[in-house]
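One-letter residues, chain by chain:
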Amino acid sequence: MTAVLEAGGWGLLGGAALVVGASVGWFVRVPARVTASVMAFGAGVLISALAFDLVLEAADGGGLIATLLGFLGGAVAYMLANAVLARRGARHRKRSQEQQPSEADQSGSGLAIAVGALLDGVPESVVLGASLLGGGGVSVAVVAAVFISNLPEGLSSAVGMKNAGRSAGYVFGVWGAIAIASGLAAAAGYGLLGAASPEVVAAITAVAAGAILTMVADTMIPEAFERAHSATGLIAAAGFLVAFTINRLGS
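Residues numbered from 1 in each chain as written. Predicted model: local features only at pLDDT ≥ 70, side-chain atom pairs only at ≥ 80, totals over all residues. Heavy atoms only, no water.

Q: So what's going on with the overall build of the chain? Residues and values would help.
A: Scanning the chain from terminus to terminus reveals 8 helices and 0 strands. A buried classification covers 47% of the 251 residues belonging to the chain. Carbon and sulfur atoms provide 71% of the accessible area of the chain, an area that totals close to 10800 Å². (Helix = DSSP H or I, 4+ residues; strand = E, 2+ residues; numbered from the N terminus. Buried < 20%, exposed > 50% of the residue type's maximum accessible area, 1.4 Å probe, protein only. Areas by Shrake-Rupley, 256 points an atom, 1.4 Å probe, with all protein chains shown as cover.)

Right, here's the structure in full:
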């Protein structure tokens, strides 16, 4: 039970970064280029964590086939779910400018954006919980990747929500609920996979990794490139190297 609570605590910590980012976005006027740069950095951090902490470990623990199938399945599942939500108004949920529709523009878009934000956060949290299964403690690199990437996500999306006329209650209600859901997902990731075979754990980890990479490509990088332009790649590379360094120092 203690380990389940620990997993939930790490997931809650990662989700709390969304609330912190949303608070900055709501109360502080952050230049769009700065937001885009932090988004690019967070994308690079996540990509590094995927490569060295998730996919590689999944392949080592459960085999190449389970990892490949899980990764592809996660990518396809995210793409399909994201396409459905995009048609309902959640396409630009991470955008900080005026791309997000208001409720008057598209009825139901507020709920779609909330569900989309949940879709983005759950895979990361499940991975955090599952990373405790080996008994060696949580992966510092994965925690850092989730926290660092969630800050600009919450910031950018909150600014976009504010520009679309949504209330503070809606914005902080969404991110607060997702922070709690992140904790629950991490606890579930540990509790439900505790007795699973290495192949199943590998497949689930790979599913989450595939969904996360698809999310990065579909939502984070477009927002970053819109404002950071040619600097996006370099900033993302810096994020990648920081996460890689954390991985090496923690191993």
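Now that the structure has been shown, we can carry on.
Q: Before we move on, can you summarise the packing of aromatic side chains with the specific residues and values?
A: Per the stated rule, a full pass over the model turns up 4 aromatic pairs. A ring pair is formed by F27 and F172, whose centres lie 6.0 Å apart and whose planes are at 20°; its orientation type is stacked. On the criterion of sequence distance, the pair formed by F27 in helix α1 (residues 2-27) and F172 in helix α6 (residues 168-193) is long-range, its members being 145 residues apart. On the basis of relative accessibility, which here comes to 64%, the residue F27 falls in the exposed class. For F172, a relative accessible area of 23% gives the class partly exposed. Plain terms: the ring middles of F52 and F240 are 5.8 Å apart, the flat faces sit at 65° to each other, and that makes the pair edge-to-face. You can see F52 sitting in helix α2 (residues 32-62) and its partner F240 sitting in helix α8 (residues 232-250), a full 188 residues away along the chain. For F52, a relative accessible area of 24% puts it in the partly exposed group. Taken together, the ring pairs in this structure connect W26, F27 and F172 into an aromatic cluster. Positioned above the aromatic ring of W26, the side-chain terminus of K162 is 5.0 Å from the ring centre. The positively charged end of R166 is found above the aromatic ring belonging to Y170, 5.5 Å away from the centroid. (Phe/Tyr/Trp six-rings, centres within 6.5 Å; stacked < 30°, edge-to-face > 60°. Lys NZ or Arg CZ within 6 Å of the ring centre and 35° of its normal.)

Q: Go over the side chain of T232 with me, naming the residues and quoting the values.
A: Mapped onto the elements, T232 comes out in helix α8. If near-sequence neighbours (up to four positions away) are discounted, T232 is found in contact with A40, A224 and F225. (Contact = heavy atoms within 4.5 Å.)

Q: Please provide a residue-by-residue account of α2, values included.
A: Taking 1.5 Å per residue as the helical rise, α2 with its 31 residues ought to reach 45 Å, and the 42 Å between its terminal C-alpha atoms agrees with that figure. L50 marks the point of greatest bend in α2, at about 40°. Count one or two residues on from α2 and you reach G63, which has phi positive near 100°. (Expected span 1.5 Å × (residues − 1). Bend = angle between axes of the 7 residues up to and from the residue.)

Q: Help me get a handle on empty space enclosed by the protein, residues and values and all.
A: The probe, sized like a water molecule, is rolled over the atoms to show the empty space still left. As enumerated under the stated definition, the model contains 2 cavities of 30 Å³ or more in all. Taken as a whole, the second largest cavity holds about 50 Å³ of empty space. Lining the second largest cavity, in full, are L46, A49, L50, L54, E124, V127, V142, A145, V146 and I212. Sorting the residues of the lining of the second largest cavity by element identifies α2, α4 (109-130) and α5 (140-163) as the ones contributing at least two each. For the lining of the second largest cavity, the element with the most residues is α2, which contributes 4 residues. (1 Å grid on protein atoms, 1.4 Å probe; cavity = no way out; pocket = protein on both sides within 12 Å on 5 of 7 lines; lining within 4 Å. Points joined across faces, edges and corners; volume = space filled by probe spheres on them.)

Q: An account of the UniProt feature "transmembrane region" (unreviewed entry) in the chain is requested, with residue identities and associated values reported.
A: What UniProt calls "transmembrane region" (unreviewed entry) maps, in this numbering, to residues 7-27, 34-52, 64-85, 126-148, 168-193, 200-221 and 227-246. Helix makes up 100% of residues 7-27 and strand 0%, and the two end C-alpha atoms of the span are 31 Å apart. Along residues 34-52 the backbone is 100% helical and 0% strand, and the end-to-end C-alpha distance reaches 27 Å. (UniProt positions renumbered as here; feature names shortened; annotations may be inferred.)

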